[in-house]
Amino acid sequence: MSVLEKIIEWYATLSLDTLPDIVDIYAARARFKDPFNAVEGVAEIEKIFLHMFATTDKPHFIFIDHFQQENQAFLSWHFVFGLNGKSYTVKGATHLRFDPYGKVVEHRDYWDPAEELWQKLPFIGVIVGWLRAKFKAS
């Protein structure tokens, strides 16, 4: 199994039971960045996932596509979860960089929180929708 396949399998089956295996995926001083977080270190990255499990229902990742070239990889995915009794899907992508041992040293998630999350929420969604329409080129 390739390094990337191992990472995909870990994320696809991620749960509170498998979360401790994070030390097999990420280097000790790995950096993680997404639209809400920017942290360094495995313990800090683990906190992000603990928060995910604490605040969402049945969170899971579905991988759409991926490729690896030398010490980096790119993955596209759907993050599916429940929140307040409603189901959500966030579409995004991840850029990974690996150390010589195949562990992730840099993880950067790319997704649009306005389109993928805020616009779907009550109250905020109306404002985000209005702003998107206001700034859209005709």
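As the structure is a prediction and not an experimental result, all values here were calculated from the model.

**Focus: the environment of glutamine 68**
Tracing the backbone shows glutamine 68 in strand E3 (residues 57-69). Each C-alpha atom, one on glutamine 68 and one on serine 2, is 9.9 Å from the other, the two residues being 66 residues apart in sequence. Look past the residues within four positions of glutamine 68 in its chain and what remains in contact with it is Leu4, Ala73 and Phe98. Here glutamate 70 takes part through its backbone oxygen, which lies 3.3 Å from a polar atom of the side chain of glutamine 68.

**Points about the pattern of salt bridges**
Summed over all chains, the structure comprises four salt bridges. The salt bridge involving arginine 97 is made with glutamate 106; its shortest N-O contact spans 3.9 Å. For glutamate 106, a relative accessible area of 27% gives the class partly exposed. Members of the salt-bridge network, linked through shared partners, are Arg31, Arg97 and Glu106.

**Considerations on the side chain of aspartate 34**
Structurally, the position occupied by aspartate 34 is in the loop between strand E1 (26-33) and strand E2 (38-40). Buried charge without a salt bridge: aspartate 34, with lysine 33 as the nearest opposite-charge side chain at an N-O distance of 7.1 Å. For aspartate 34, the side chain forms a polar contact with the main-chain nitrogen of phenylalanine 36, separated by 2.8 Å. A polar atom in the side chain of aspartate 34 sits 2.6 Å from the backbone nitrogen of asparagine 37.

**Regarding the nonpolar core**
Within the largest apolar cluster, 31 residues are counted, with the highest numbers of intra-cluster contacts made by Trp10, Tyr11, Leu14, Ile22, Tyr26, Ile45 and Phe49. The set of elements that each furnish at least two residues to this core consists of helix H1 (3-12), helix H2 (22-25), E1, helix H3 (42-55), strand E4 (72-83) and strand E5 (86-98). Top contributing element to this core by residue count: H3, with six residues. Excluding anything up to four places from it in sequence, isoleucine 22 contacts Trp10, Val42, Ile45, Glu46 and Phe49.

The rules behind the values
Numbers given to residues run from 1 along each chain, matching the order in which its sequence is written. Local features in this predicted model are restricted to residues whose pLDDT is 70 or higher, and side-chain atom pairs enter the listing and the counts only when it is 80 or higher, whereas totals over whole chains, interfaces and linings include all residues. Hydrogens are left out, water is left out, and the side-chain values use all remaining heavy atoms of the structure. Counting from the N terminus, the helices are DSSP H or I runs at least four residues long and the strands are E runs at least two residues long. We call two residues contacting when some pair of their heavy atoms lies within 4.5 Å. By the criterion applied in these results, polar contacts are pairs of N or O atoms within 3.5 Å in which, for protein atoms, one can donate a hydrogen and the other can accept it, and in which residues neighboring in sequence qualify only through two side-chain atoms. Put simply, a salt bridge is a Lys or Arg side-chain nitrogen that is within 4 Å of an Asp or Glu carboxyl oxygen. Throughout this description, buried means an accessible area under 20% of the type-specific maximum (1.4 Å probe, protein chains only), exposed means over 50%, and partly exposed covers the range between. Counted as positive: Lys and Arg. Counted as negative: Asp and Glu, with His and the chain ends omitted from the count. Each nonpolar core is a collection of buried residues, namely Ala, Val, Leu, Ile, Met, Phe, Trp, Tyr and Cys, held together in the definition by side-chain atoms within 4.5 Å.

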